[in-house]
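# Per-entry structural report
What follows is each chain in one-letter form.
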Amino acid sequence: MSVYFFAWAASIIYGLEFIGEKLISKHSVKNPWLFNFVLQTFIFLGTATIALSMGVKIPIYWQNILWASLFYALSHILYFITLYWFDVSVMSPLFNIRTVMTVLLGTFFLGEILSVEQYILIAIIFIFGIFVNMDEKLNIKSFFSWKITLVLVEMLFLTLVAFFIKKAIGETDYWSATLWIALIAQIWFLFTIPLFKKDIPEVSGRQYSEIGVVSILAMVGILAANAAYAQNISIATAIIALPLSMVIAFMFAQFAPELLEKHTLKVYLIRFVSTA
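## Observations concerning the overall build of the protein
Check the secondary structure of the protein and you find eleven helices and zero strands. In sequence order, the secondary structure elements of the protein are arranged as α-α-α-α-α-α-α-α-α-α-α. If you line up the protein on its principal axes, its C-alpha atoms span 55 × 55 × 30 Å. Classification of the 276 residues of the protein by burial places 55% in the buried group. Put simply, of all contacts in the protein between residues at least 6 apart along the chain, 85% involve residues at least 24 apart. As displayed, the protein offers around 12800 Å² of accessible surface, 74% of which is attributable to carbon and sulfur atoms.

## Remarks on the packing of aromatic side chains
Aromatic ring pairs: the centre-centre distance and the angle between the two ring planes describe each pair. Within this structure, the stated rule accounts for 18 aromatic pairs. An angle of 80 degrees between the planes, with centres 5.2 Å apart, marks the rings of Trp62 and Trp180 as edge-to-face. Here Trp62 is found in the loop between helix 2 (32–54) and helix 3 (63–83), whereas its partner Trp180 is found in helix 7 (residues 174–189), with 118 residues between them in sequence. Both rings, one in Phe250 and one in Phe272, keep their centres 5.5 Å apart while their planes meet at 85 degrees; by these two values the pair is edge-to-face. In this pair, Phe250 sits in helix 10 (residues 244–255) while Phe272 sits in helix 11 (residues 265–275), placing the two residues 22 residues apart along the sequence. Overall, the relative accessible area of 24% leaves Phe250 in the partly exposed class.

## A few points about the pattern of salt bridges
Two side chains bearing opposite charge may form a pair once their charged atoms approach each other closely. Considering all chains together, one arrives at four salt bridges under this definition. Measuring nitrogen to oxygen at the nearest pair gives 3.8 Å for the salt bridge that ties Asp87 to Arg271. One end of the pair, Asp87, is in the loop between helix 3 and helix 4 (88–109); the other, Arg271, is in helix 11, and 184 residues separate them in sequence.

## Considerations on helix 9 (residues 233–240)
For helix 9, the tally of buried residues reaches six of eight residues, placing the bulk of the element in the interior. Taken together, the buried positions of helix 9 are Ile233, Ser234, Ala236, Thr237, Ile239 and Ile240. Buried-residue contacts for helix 9 involve helix 1 (3–27), helix 4, helix 6 (146–171) and helix 8 (205–229). Measuring from the side-chain oxygen of the N-cap residue of helix 9 to the backbone nitrogen of Ile235 gives 2.9 Å; that N-cap residue is Asn232.

## So, the packing of helix 2 against helix 3
Remark: helix 2 packs on helix 3, axes separated minimally by 9 Å, with the N-to-C direction vectors making an angle of 135 degrees. Looking at the two axes, helix 2 sits oblique to helix 3. Every pair of crossing elements has a handedness; the one defined by helix 2 and helix 3 is right-handed. Facing helix 2, whose interface residues are Pro32, Trp33, Phe35, Asn36, Leu39, Gln40 and Ile43, helix 3 presents Tyr72, His76, Ile77, Phe80, Ile81 and Leu83. For the contact of helix 2 with helix 3, the residue count by class is ten nonpolar, three polar and no charged.

## Topic: the side chain of Ser89
Along the chain, Ser89 turns up in helix 4. For Ser89, a relative accessible area of 0% translates into the label buried. Polar side-chain contacts of Ser89 include one of 2.5 Å to the side chain of Arg271. Aside from chain neighbours lying at most four places away, what touches Ser89 is Val132, Met246, Glu261, Tyr268 and Arg271.

## Here's the deal with the nonpolar core
Residues Phe35 and Tyr229 are the most contacted members of the largest nonpolar core, which totals 80 residues. Where this core is concerned, the elements lending two or more residues are helix 1, helix 2, helix 3, helix 4, helix 6, helix 7, helix 8 and helix 9. At 13 residues, helix 6 tops the list of elements feeding residues into this core.

## So, the environment of Ile184
Within the fold, Ile184 resides in helix 7. The exposure class assigned to Ile184 is buried, which follows from its relative accessible area of 11%. Separated by 140 residues in sequence, Ile184 and Phe44 place their C-alpha atoms 9.9 Å apart. Those residues within four positions of Ile184 in sequence are excluded, and the remaining contacts are Trp62, Ile65, Leu66 and Ser69.

## Some words on the packing of helix 10 against helix 11
As a packed pair, helix 10 and helix 11 sit with axes 12 Å apart at the nearest point and diverge in direction by 170 degrees. One finds that helix 10 runs roughly antiparallel with respect to helix 11. From helix 10, Met246, Val247, Phe250, Ala253 and Gln254 reach across to helix 11, where they touch Leu265, Tyr268, Arg271, Phe272 and Thr275. Grouping the constituent residues of the contact of helix 10 with helix 11 by class yields seven nonpolar, two polar and one charged.

Parameters at a glance
- Residues numbered from 1 in each chain as written.
- Predicted model: local features only at pLDDT ≥ 70, side-chain atom pairs only at ≥ 80, totals over all residues.
- Heavy atoms only, no water.
- Helix = DSSP H or I, 4+ residues; strand = E, 2+ residues; numbered from the N terminus.
- Buried < 20%, exposed > 50% of the residue type's maximum accessible area, 1.4 Å probe, protein only.
- Contact = heavy atoms within 4.5 Å.
- Areas by Shrake-Rupley, 256 points an atom, 1.4 Å probe, with all protein chains shown as cover.
- Phe/Tyr/Trp six-rings, centres within 6.5 Å; stacked < 30°, edge-to-face > 60°.
- Salt bridge = Lys/Arg side-chain N within 4 Å of Asp/Glu carboxyl O.
- Polar contact = N/O pair within 3.5 Å; in protein donor to acceptor, adjacent residues only side chain to side chain.
- Axes fitted to C-alpha atoms, helices over the stretch in contact; angles between N-to-C directions.
- Parallel < 35°, antiparallel > 145°, perpendicular 65-115°, else oblique.
- Left-handed = near helix turned anticlockwise from the far one by under 90°.
- Nonpolar A, V, L, I, M, F, W, Y, C, P; charged D, E, K, R; others polar.
- Core = buried A, V, L, I, M, F, W, Y, C linked by side-chain atoms within 4.5 Å.

Structure follows, in structure tokens:
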């Protein structure tokens with residue numbers, strides 16, 4: 001199946017996953033390190049079960065797998081930290097910045113060709129990305145903060161994940177690369193246990209079930225995204241980065257603002273126009 005099918009599937013699933021993760025972070029699990037580790041454990045177990053049933057092999061080349069697993073771990077650690085800081089309507093459109101990074105990386109290192117018009121669009125994405133963090137104070141300086149810097153670093157790491165996944169799949173095969181990247185990434189996550197181990201006894205069965213549901217979405221999204229990246233990381237990232245969760249967050253703001261976020265229509269207008 002084409003890159004478009006897998007990328008759109010990943011985009012829709014990731015949008016739903018993002019909403020689920022934000023709800024859990026806001027109302028259920030208060031420790032981002034714990035949330036990330038439990039979720040990643042569920043994702044790994046599900047991915048490993050499917051991958052092993054499809055048949056995997058021990059790779060000959062490990063460098064790209066190791067880099068992909070490292071940047072996957074780092075990007076998701078930053079993702080869960082910033083998830084607790086920002087609204088969905090801020091985080092979701094910032095993924096467009098990742099599109100810029102991925103397209104440029106694909107151009108410089110993978111030989112993917114861009115036109116002058118496409119470079120202009122890249123500049124537009126970056127410039128208008130500054131306005132997505134606007135709040136009621138309408139202060140443009142809100143974009144230039146260390147918290148936003150961490151989000152941008154996260155986007156860079158996600159870009160590198162896509163780059164090394166594409167190369168790893170090309171050297172081995174889809175299921176082998178997916179399994180070994182997930183396994184090694186889970187080893188990286190073990191180093192975060194001291195940051196949440198005291199909170200483990202307080203996690204309820206309901207909280208585990210909530211994370212389990214989100215992990216299913218995350219796992220399917222990762223499998224679809226990896227398949228898309230293997231074909232074309234620029235097209236895949238542009239589609240996957242579409243802020244579908246932002247629309248859902250806006251609907252929540254109108255009908256159930258206590259669940260996610262609430263801003264004035266002026267703020268949402270600025271964020272939506274900038275995102276568009």
